[in-house]
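One letter stands for each residue in the lines below.
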Amino acid sequence: MKIQFSIAALALAAGAASAQTTVNDAWVRATVPQQKATAMFASVSSARGGRLVAASSPVAGIAEVHEMAMEGNVMKMRAVAGGLPLPAGKAVALTPGGYHLMLMDLKQTLKAGDTVPVTLVIEGSDKKRETVELKVPVRTGP
Ligand SMILES: [Cu+2]
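Thresholds applied
- Residues numbered from 1 in each chain as written.
- Predicted model: local features only at pLDDT ≥ 70, side-chain atom pairs only at ≥ 80, totals over all residues.
- Heavy atoms only, no water.
- Phe/Tyr/Trp six-rings, centres within 6.5 Å; stacked < 30°, edge-to-face > 60°.
- Helix = DSSP H or I, 4+ residues; strand = E, 2+ residues; numbered from the N terminus.
- Buried < 20%, exposed > 50% of the residue type's maximum accessible area, 1.4 Å probe, protein only.
- Salt bridge = Lys/Arg side-chain N within 4 Å of Asp/Glu carboxyl O.
- Donors = N, O, S within 2.8 Å, 3.2 Å for Na, K, Ca; no water.
- Tetrahedral: all angles 85-135°; square planar, octahedral: opposite > 155°, others 65-115°.
- Contact = heavy atoms within 4.5 Å.
- pLDDT = per-residue confidence, 0-100.

1. Examining the packing of aromatic side chains
Then step 1. Under the criterion given, the structure shown has one aromatic pair.
Then step 2. Between tryptophan 27 and phenylalanine 41, the aromatic rings sit 4.9 Å apart at their centres with planes inclined by 40°, giving tilted as the arrangement. Of this pair, tryptophan 27 sits in strand β1 (residues 21-29) while phenylalanine 41 sits in strand β2 (residues 37-46), and the two are 14 residues apart along the sequence. Both residues of the pair, tryptophan 27 and phenylalanine 41, count as buried.

Following this line, the structure appears as structure tokens:
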């Protein structure tokens, strides 16, 4: 039992050492029944730089990176074409009113205290893809 635990810990440590993307302070905004969309917010940083090119979650039919932009004098959101740039070593904030990971076609109500699995795919400048698996807490606000 003790030996198995040590091996598992070693594997985790190796995974963390090779990962170049870190995600901090992730949360998903809670929804009310019948609500079909929400968003995930987080701080994402890539050690060597890359782009957040894809995302998915079992609770959503569609997950895509959005940005807020002024159209005339109306603030609208739209998908970020070509993925979200992650400059090397610099944390990129996904925040209410800014970039966010839009979760659409929701399959269930997300209540505060729930945990939502989210997968992010980051493409490095060397075109290698890294997958980051998250367990994201659901909250009513920041
Ligand atoms: Cu959006």
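2. Side note on the pattern of salt bridges
Then step 1. In the structure shown here, the tally under the stated rule is five salt bridges.
Then step 2. A salt bridge links lysine 76 to glutamate 71, with the nearest nitrogen and oxygen atoms 3.8 Å apart.
Then step 3. Residue lysine 76 is classed as partly exposed on the basis of its relative accessible area of 41%.
Then step 4. Two residues, lysine 127 and glutamate 123, come together in a salt bridge whose shortest N-O distance is 3.5 Å.
Then step 5. Overall, lysine 127 belongs to the exposed group, its relative accessible area being 61%.
Then step 6. When its relative accessible area of 14% is taken as the criterion, glutamate 123 is described as buried.
Then step 7. Each member of the salt-bridge network shares a partner with another, and the members are Glu123, Lys127 and Arg129.

3. With respect to the coordination of the copper ion
Four donors placed tetrahedrally about a metal ideally form angles of 109.5 degrees, and six donors placed octahedrally ideally form angles of 90 or 180 degrees.
Then step 1. For the copper ion, the full set of protein donor atoms is His66 (ND1), Met77 (SD), His100 (NE2) and Met102 (SD), and the range of their distances to it is 2.1 to 2.3 Å.
Then step 2. Bound by four donor atoms, the copper ion shows angles of 98 to 118° at the metal and therefore tetrahedral coordination geometry.
Then step 3. Written as a sequence motif, the donor arrangement for the copper ion is H-x10-M-x22-H-x1-M. Placement of the pair is methionine 77 in strand β5 (residues 74-79) and histidine 100 in strand β8 (residues 100-106), with a sequence separation of 23 residues.

4. Details of the environment of serine 43
Then step 1. By the secondary structure assignment, serine 43 is in strand β2.
Then step 2. Separated by 48 residues in sequence, serine 43 and alanine 91 place their C-alpha atoms 6.0 Å apart.
Then step 3. Apart from residues no more than four positions distant in its own chain, serine 43 is found in contact with Thr22, Val23, Asn24, Ala91 and Val92.

5. Some details on the confidence of the model for the chain
Then step 1. Residues with a pLDDT of 70 or more make up 87% of the chain, whose mean pLDDT is 88.
Then step 2. When mean pLDDT is compared element by element in the chain, β8 scores highest at 98, while helix α1 (residues 2-18) scores lowest at 46.
Then step 3. For residues 7-18, every residue scores under 50 in pLDDT, and the model assigns this stretch zero contacts once sequence neighbours within four places are set aside.

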